[in-house]
Structures are given as structure tokens and as C-alpha cells.
Amino acid sequence: LTSMSKYYPAFQTAGNLVFVSGQNAEQADGSISGDAYEQAKTSLEIIKGTLEKAGCTFKDVVKVNCFISEDADFEGLNKAYSEVFPNNDPTTPARSVGLGVAWQTKGSRIEIEMI
């Protein structure tokens, strides 16, 4: 797996569970660009690769934690999220969204982690 981020997208297993660490849209050169939708899509693409490395797919995910930097980011996050997890699909995992995450830097608006 080659990450677009300079940080390796980590996962940890515990029994049959796979915990994917938070991933933002940081590219290999350290840059982060795009609006909330584009950043969420990039984060989800990186996580998809991490899940595949762990032998999983998005269908195996049971819980998602999303972090956004401001209210205005929710619409873009939700749009990208619904492309991966359709709203009318009964297998869509539980989700939490945290707002106002102060640690985000370099223009990062989104971070996503999964179980």
C-alpha cells in the first residue's frame, strides 16, 4: 500500500475487529487542498486502501468517526460519505461527527477514522 500521506495510514486489529486510525487528505508532499467534499473523498480513498491492506472493505465497517473543522464542512463530508455509504443501505455503519477540531493544520478540514 502506498499512502498519499507522508504518515502511513495505520490500522490495528483486535480479534475480528480492524481499527483504522484517523486519516485526513494530506498528500505525500505534505500539502492539503480542496474543499470539504474533496478532502473527504481523498480521506476515504486512503482509508479504502488501508482497509484493503487489512483484508476488509467498506462493507465490513461498523462505526465511523468523522471530525470537521466547522459547520460548513458537514455538507461536503456528507456528500462524499454517502457515495461510499448510501443513506438507504441498511448496512451503513453508525457514524459520529465531531465539530471544531482545533488540531487540524495546513488547511485540513476533515479527518475520518473507522472500525
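Our subject is the structure that appears above.
Before going into details, it helps to say that this report is about the structure given with it.

Thresholds, definitions, all that
Residues numbered from 1 in each chain as written. Predicted model: local features only at pLDDT ≥ 70, side-chain atom pairs only at ≥ 80, totals over all residues. Heavy atoms only, no water. Helix = DSSP H or I, 4+ residues; strand = E, 2+ residues; numbered from the N terminus. Buried < 20%, exposed > 50% of the residue type's maximum accessible area, 1.4 Å probe, protein only. Contact = heavy atoms within 4.5 Å. Areas by Shrake-Rupley, 256 points an atom, 1.4 Å probe, with all protein chains shown as cover. Arc of directions from axis to C-beta. Pairing = 2+ DSSP bridges. Axes fitted to C-alpha atoms, helices over the stretch in contact; angles between N-to-C directions.

## A look at the overall build of the protein chain
Right, so step 1: Counting its regular elements, the protein chain contains two helices and five strands.
Right, so step 2: Relative to its 115 residues, the protein chain shows a buried fraction of 38%.
Right, so step 3: Considering only contacts in the protein chain between residues 6 or more positions apart, those separated by 24 or more positions represent 69%.
Right, so step 4: If you sum the accessible surface of the protein chain, you get close to 6,200 Å²; carbon and sulfur atoms cover 51% of it.

## Considerations on helix α2 (residues 74-84)
Side chains that are three or four residues apart share a direction in an α-helix, a result of its 3.6 residues per turn.
Right, so step 1: Those residues of α2 that fall on the buried side of the exposure criterion are Gly-76, Leu-77, Ala-80 and Tyr-81. Along the axis of α2, the buried residues cluster in a sector spanning 125°; they form a single face.

## Focus on the sheet that holds strand β3 (residues 63-68)
Right, so step 1: In space, the five strands of this open sheet follow the order β1-β2-β5-β3-β4, with mixed pairing throughout. Edge positions in the sheet fall to β1 (11-14) and β4 (94-99), since each has one partner strand and no second. Pairwise comparison of adjacent strand axes, ignoring direction, gives a mean angle of 15° for this sheet.
Right, so step 2: Note that β3 and β4 share six bridges and pair parallel. Its bridge partner lying in β4, Cys-66 is registered against Val-97.
Right, so step 3: Each of β1, β2 (17-23) and β5 (110-114) touches helix α1 (residues 36-53); the most contacted strand, β5, lies at about 25° to it.

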